[in-house]
Protein chains: 2
Amino acid sequence: MGRTADYSKQSCSIAATLEVIGDPWTLLVIRDAFQGVSRFEQWQDRLGVARNVLAARLKTLVQHGVLEPRLYSERPPRNEYVLTAKGKDLSAVLVTLHAWGAKHVYGDTDSGIDLVHKTCGHSLDPRIACGHCSEIVKGRDIVMTRAANRPTVGDVMPRDAAVGED
Amino acid sequence: MGRTADYSKQSCSIAATLEVIGDPWTLLVIRDAFQGVSRFEQWQDRLGVARNVLAARLKTLVQHGVLEPRLYSERPPRNEYVLTAKGKDLSAVLVTLHAWGAKHVYGDTDSGIDLVHKTCGHSLDPRIACGHCSEIVKGRDIVMTRAANRPTVGDVMPRDAAVGED
DNA sequence: CAAGTGGGTTGCCAAAAGGAACGGTCCGGA
DNA sequence: TCCGGACCGTTCCTTTTGGCAACCCACTTG
């Protein structure tokens with residue numbers, strides 16, 4: 001079956017996030033929302049996604065509080081969907097996805113969408129910084145630890161692991 | 001069915017990235033790889049994913065150069081899979097996904113996995129910084145522009161749009 | 001030599017995506 | 001007033017996938 005995919009039992013923030021935005025098309029719906037798209041037909045035109053699928057995605061995004069429906073016409077009832085604060089917080093995810101694709105899929109070829117950092121005028125080359133010490137974080141300085149004494153299914157990893165090496 | 005999903009025609013780095021890592025389970029496979037998992041049986045135990053699906057995911061991740069197979073036994077041929085540099089570059093994506101889930105799904109409850117910034121000792125509160133000016137980037141300082149004169153399918157958005165408002 | 005382990009492949013079934021058609025309500029023009 | 005079209009879905013049917021279990025092959029250990 002497709003995607004009954006029980007990520008959910010993993011008690012992991014990454015899995016939990018994927019539970020919300022991991023369905024096919026969902027992140028592209030959100031990407032377009034950041035570009036100002038807010039109506040059914042706009043998404044449908046841009047993505048070419050099946051209408052029933054789009055309807056389902058919008059519904060679950062609303063349920064999860066990522067999008068908020070706003071009635072802009074009663075009779076016929078029509079609503080548009082705008083990003084909530086929770087949804088806008090996904091910008092960091094989109095930024096890192098974009099950066100990876102720009103670097104590793106498109107080399108230096110044009111990639112259709114460009115992110116620009118307004119305050120410095122350059123196209124954005126995003127890095128992860130630490131909210132506490134404000135330093136740029138290198139991959140090897142991050143430690144992924146299995147929190148506390150939480151018995152998780154396949155606890156095969158005894159030691160902590162560094163994330164990346166760059 | 002599902003996921004014939006032609007993201008591909010979108011000429012967008014985000015869509016391109018999702019083409020590689022957007023399948024169900026794929027990001028969890030990569031998450032575990034960062035935690036040191038490198039063998040079929042380990043992933044299978046931890047994720048509970050169907051074996052055929054796991055085999056398919058590993059294959060495409062290798063094809064895309066995210067994982068590299070390494071033969072650790074000839075006869076019987078057995079290989080393990082390790083992250084390439086390209087794969088390790090996905091750490092930023094995992095970090096932002098994790099942060100979003102920790103903040104918006106788990107509130108302050110324990111989330112199973114914790115990311116710690118070794119150099120300052122705190123648990124990581126990731127921010128996006130600009131590689132050029134080294135400043136922390138606020139969402140509203142990012143402009144998503146449709147690059148150059150690339151005619152993309154549903155070009156309904158005349159103006160540029162700010163990303164987020166935080 | 002029998003049982004176990006590691007790493008898959010094969011086949012069947014159910015769930016999700018694709019796709020096209022339809023329905024309802026308004027609007028603008030002929 | 002009648003006709004077509006825009007919008008926003010919903011329904012129905014088809015096509016792919018993922019879930020699941022069984023199976024297989026090549027060692028290895030008891």
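Please refer to the structure higher up on the page.
Keep in mind that what you see is a predicted model, and the values were worked out from it rather than measured.

(A) The arrangement of the pattern of salt bridges in detail. Here the structure, examined in full by the defined rule, presents twelve salt bridges over all chains. We note a salt bridge from R51 of chain A to E41 of chain A, for which the minimum N-O separation is 3.2 Å. Pair noted here: R51 of chain A is in helix α4 (residues 51-63) and E41 of chain A is in helix α3 (residues 40-47), with a separation of ten residues, a long-range link. Taking the shortest distance from any N to any O, the salt bridge between R31 of chain B and D32 of chain B comes out at 3.0 Å. Here R31 of chain B matches D32 of chain B in class, with each residue buried. One network of salt bridges, with partners in common, ties together R31, D32 and R46 of chain A.

(B) Structural detail: the pairing of strand β4 (residues 126-130) of chain A. Taken across its five residues, β4 of chain A has four buried, putting it largely inside the fold. With five bridges connecting them, β4 of chain A and strand β4 (residues 126-130) of chain B associate as antiparallel partners. What sits directly across from A129 of chain A, in β4 of chain B, is R127 of chain B.

(C) Spotlight on the nonpolar core. Grouped together as the largest cluster of nonpolar side chains are 80 residues, with contacts concentrated most on I30 and W43 of chain A together with I30 and W43 of chain B. Excluding its chain neighbours within four sequence positions, the residues that come into contact with I30 of chain A are I21, L61, V66, L83, L90 and L94 of chain A.

(D) Just helix α4 (residues 51-63) of chain B, in detail. All names here are of chain B. The terminal C-alpha atoms of α4 lie 18 Å apart, and with 13 residues this matches the ideal 18 Å at 1.5 Å per residue to within 8%. The complete set of buried residues in α4 reads L54, R57, L58 and L61. The arc that holds every buried residue of α4, seen down its axis, measures 100°, which confines them to one face. The exposed set on the far side of α4, more than 90 degrees from its buried face, consists of N52, K59 and Q63. Packed against the buried residues of α4 are α1 (13-21), α2 (26-34), α3 (40-47), β1 (67-73) and β2 (78-83). Remark: G65 follows α4 within two positions and exhibits a positive phi of approximately 75°.

(E) A look at the interface of chain B and chain A. Listed per partner, the contact involves 94 residues of chain B and 94 residues of chain A. Both sides of the chain B and chain A interface together cover about 9,000 Å² of buried area, and 65% of this is carbon and sulfur. Taken together, chain B and chain A are joined by two salt bridges. D89 of chain A serves as the salt-bridge partner of K103 of chain B, at 2.7 Å between the closest nitrogen and oxygen. Viewed at the interface, chain A and chain B are joined by 27 residue pairs in polar contact (both at pLDDT 80 or more). Per-element accounting of the side of chain B that touches chain A gives the leading share, 13 residues, to helix α6 (residues 91-104) of chain B.

Cut-offs and rules
- Residues numbered from 1 in each chain as written.
- Chains lettered and ligands numbered in written order.
- Predicted model: local features only at pLDDT ≥ 70, side-chain atom pairs only at ≥ 80, totals over all residues.
- Heavy atoms only, no water.
- Salt bridge = Lys/Arg side-chain N within 4 Å of Asp/Glu carboxyl O.
- Helix = DSSP H or I, 4+ residues; strand = E, 2+ residues; numbered from the N terminus.
- Buried < 20%, exposed > 50% of the residue type's maximum accessible area, 1.4 Å probe, protein only.
- Pairing = 2+ DSSP bridges.
- Core = buried A, V, L, I, M, F, W, Y, C linked by side-chain atoms within 4.5 Å.
- Contact = heavy atoms within 4.5 Å.
- Expected span 1.5 Å × (residues − 1).
- Arc of directions from axis to C-beta.
- Buried area = accessible area lost by both parts, 1.4 Å probe.
- Polar contact = N/O pair within 3.5 Å; in protein donor to acceptor, adjacent residues only side chain to side chain.

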